[in-house]
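Residue-level structure breakdown
Listed below are the residues making up each chain.
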Amino acid sequence: MNAFIAVVLVCANGIAQEACNDAQALEVRKVKVANELGCATGWQEIIARTDMREDIGKTTYLKTECRRVKQ
């Protein structure tokens with residue numbers, strides 16, 4: 001059975017979306033979720049709890065990814 005990791009990358013506006021990855025991101029948040037739908041929900045709350053929430057849309061942007069992992 002497969003599980004998924006929801007990944008939220010916080011990247012500076014100066015970084016192209018294609019280049020926004022774990023190494024380039026200012027912050028990386030990961031959480032294990034049960035299915036692909038879980039990757040699309042809940043990340044808003046994760047970011048809302050961080051100090052970076054004020055910068056989103058001004059100096060930074062979010063990129064979300066759903067990664068399949070084998071159990």
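To keep things clear, this report deals only with the structure shown in the data block.

Strand order in the open sheet formed by 3 strands is β2-β1-β3, with antiparallel pairing between adjacent strands. One side of each edge strand has no neighbouring strand; the edge strands of this open sheet are β2 (27–33) and β3 (60–70). Pairwise comparison of adjacent strand axes, ignoring direction, gives a mean angle of 20 degrees for this sheet. Pairing analysis gives 7 bridges linking strand β1 (residues 2–12) to β2, with the strands arranged antiparallel. Across the sheet, F4 pairs through a bridge with V33, a residue of β2.

Take the environment of A19 next. With respect to the helices and strands, the residue A19 is situated in the loop between β1 and β2. Spatially, the C-alpha atom of A19 lies 24 Å from that of G38, the residues being 19 residues apart in sequence.

Overall, the coordinates contain 2 disulfides when judged by the stated rule. Two residues, C11 and C20, share a disulfide whose sulfurs are 1.9 Å apart. Where C11 bonds to C20 through sulfur, the torsion about that S-S bond is close to 75 degrees, and the disulfide is right-handed. Take C11: its relative accessible area is 0%, and that puts it in the buried class. Classification of C20 by relative accessible area gives buried; the value is 1%. Note on cysteine connectivity: C39 is disulfide-linked to C66, with sulfurs 2.0 Å apart. Its torsion about the S-S bond being 60 degrees, the disulfide of C39 and C66 is classed as right-handed. Of the two residues, C39 sits in helix α1 (residues 36–40) while C66 sits in strand β3, which places them 27 residues apart along the sequence. Taking only the cysteines that form disulfides and numbering them from first to last, the chain has the pattern 1-2, 3-4.

What counts as what
Residues numbered from 1 in each chain as written. Predicted model: local features only at pLDDT ≥ 70, side-chain atom pairs only at ≥ 80, totals over all residues. Heavy atoms only, no water. Pairing = 2+ DSSP bridges. Helix = DSSP H or I, 4+ residues; strand = E, 2+ residues; numbered from the N terminus. Axes fitted to C-alpha atoms, helices over the stretch in contact; angles between N-to-C directions. Disulfide = S-S within 2.5 Å. Buried < 20%, exposed > 50% of the residue type's maximum accessible area, 1.4 Å probe, protein only.

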